[in-house]
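Descriptive analysis of the structure
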Amino acid sequence: MAKIQLNGKKLVINSKYSILDLLKKYNLSNKKIAVEHNGVIVPKVMFKKKYLKNNDRLEIVHFIGGG
Amino acid sequence: MEDNLKKDIFKVAGKSLKSRLIVGTGKYKSLLETAKAVKASGASMVTVAVRRVNILDRKKPLLSDYIDPKKIIFLPNTAGCFTSEEALRTLRLAREMGGWKLVKLEVLGDKKTLYPNMIETIKSTKILVKEGFKVMVYCNDDPLLAKKLEENGASAIMPLASPIGSGLGLQNKVNISLIIKQSRVPVIVDAGIGTASDATVAMELGCDGVLINSAIAQANKPVLMAKAFRDAVISGRNSYLAGRMDKNYFAIASSPTKGLI
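Residues numbered from 1 in each chain as written. Chains lettered and ligands numbered in written order. Predicted model: local features only at pLDDT ≥ 70, side-chain atom pairs only at ≥ 80, totals over all residues. Heavy atoms only, no water.

**Points about the overall build of chain B**
- In terms of helices and strands, chain B carries ten helices and ten strands.
- Rg of the C-alpha trace for chain B: 20 Å, near the compact-globule value of 18 Å for 261 residues, within the 12% margin.
- If one aligns the C-alpha atoms of chain B with their principal axes, the spans along those axes are about 85 × 40 × 40 Å.
- Looking at the 261 residues of chain B, the share that counts as buried comes to 48%.
- In chain B, the proportion of contacts linking residues at least 24 apart, taken out of those at least 6 apart, comes to 66%.
- As presented, chain B carries roughly 13,700 Å² of accessible surface, and 54% of it is formed by carbon and sulfur atoms.
- For chain B, the distance from the average position of its 40 positive side-chain charges to the average position of its 24 negative side-chain charges is 3 Å. (Helix = DSSP H or I, 4+ residues; strand = E, 2+ residues; numbered from the N terminus. Rg over C-alpha atoms; globule rule 2.2 N^0.38 Å. Buried < 20%, exposed > 50% of the residue type's maximum accessible area, 1.4 Å probe, protein only. Contact = heavy atoms within 4.5 Å. Areas by Shrake-Rupley, 256 points an atom, 1.4 Å probe, with all protein chains shown as cover. Lys, Arg positive; Asp, Glu negative; His and termini not counted. Charge placed at Lys NZ, Arg CZ, Asp CG, Glu CD.)

**Some words on the interface of chain B and chain A**
- Opposite the 29 residues of chain B that make contact, chain A presents 27 residues.
- Carbon and sulfur atoms supply 65% of the area that chain B and chain A bury against each other, a total of about 2,700 Å² over both sides.
- Along the contact surface separating chain B from chain A lie two salt bridges.
- In this structure, E36(A) and R89(B) form a salt bridge, with 2.5 Å as the shortest nitrogen-oxygen distance.
- Seen at the junction of chain B and chain A, the total is eleven residue pairs in polar contact (both at pLDDT 80 or more). (Buried area = accessible area lost by both parts, 1.4 Å probe. Salt bridge = Lys/Arg side-chain N within 4 Å of Asp/Glu carboxyl O. Polar contact = N/O pair within 3.5 Å; in protein donor to acceptor, adjacent residues only side chain to side chain.)

**What about the pattern of salt bridges?**
All names here are of chain B.
- If you walk through the whole model with that rule in mind, you get 14 salt bridges over all chains.
- Across the pair D8 and R237 runs a salt bridge, and its minimum N-O distance is 2.8 Å. Taken together, the residues D8 in the loop between helix 1 (2-7) and strand 1 (10-12) and R237 in helix 10 (residues 222-242) connect sequence positions 229 residues apart.
- Under the relative-accessibility criterion, D8 is labelled partly exposed at 22%.
- Owing to a relative accessible area of 10%, R237 belongs among the buried residues under this scheme.
- The salt bridge involving K29 is made with E33; its shortest N-O contact spans 3.2 Å.
- Taking the relative accessible area as the measure of exposure, K29 reaches 67% and is therefore exposed.

**What to know about the confidence of the model for chain A**
- Confidence in the prediction of chain A, expressed as mean pLDDT, is 88, and 100% of residues score 70 or more.
- Mean pLDDT across the elements of chain A ranges from a minimum in strand 2 (residues 9-13) of chain A, with 87, to a maximum in strand 3 (residues 34-37) of chain A, with 94. (pLDDT = per-residue confidence, 0-100.)

**Points about the pairing of strand 4 (residues 45-52) of chain B**
- Counting buried positions along strand 4 of chain B gives six out of eight residues, so the element sits mostly inside the fold.
- Pairing analysis gives five bridges linking strand 5 (residues 57-65) of chain A to strand 4 of chain B, with the strands arranged antiparallel. Bridged to V61(A) within strand 4 of chain B is R52(B).
- Pairing between strand 3 (residues 21-24) of chain B and strand 4 of chain B: two bridges, direction parallel. Bridge pairing links G24(B) to T47(B) in strand 4 of chain B. (Pairing = 2+ DSSP bridges.)

Following this line, the structure appears as structure tokens:
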């Protein structure tokens, strides 16, 4: 198990979980989103290869209505 | 005349836009209302914000379910950012998300007036241009600072008409005119427009476009107001191209005096 922070919320996930696995869990793998991993933007091609570990901070953002 | 109108193309950062009206997508009652208003406005570009995905509510509809980014250009905006760092982080994420480089930069300086922090804005513009972004920049109506933005590579200058969301309309026509006259990149009045006639006035001054959000979203009937703005912008542009008559202090009769009975 690994404790991570996702969009400011604490979350416990299986160890050996990639960013892609996490996106799939939240139905986000096919959506227009961007991911920041410990303050660094992760290119889409790396989602599968990037595994999450204890104390990782993850931000997933998308476009919403705005002025 | 008709030919002249056909040739009147609005181009920002090399992109031709069908409409000189750009609309914001915030403050609407629902995404359906947003989509209807955008359609009625005739806009081919809309501003959008970058925010955290709501991970607790996975079924929540998305903006892109209602407005197709393939048909309408999404212009990512840094609304709500108060430092250069926040703005840069937001736009870098936006680029990763959409894969496009055309963005709107807005670095605010004060919570009460939402007035732009021009020092941070100029600093951010320089960095973004260096990173290959095409930056449309929200700014105050100071001609010197507007020039500075252009010198630093801004793709469009977006001076405020009055504070964001205030609906106070065009408060400093002289400064906006000075900015229009000196700029070689498009000037788009952003923020503070209250009603359709304000947009016409801005367009008659010679602005290349206007950006409207609150004036449409907070009207009693947003979809009808969106249509009003579409027509107002077209009218203002045509009026500018037509060139207004001279002003006179005294009356000049419209009918000939010769042959009076």
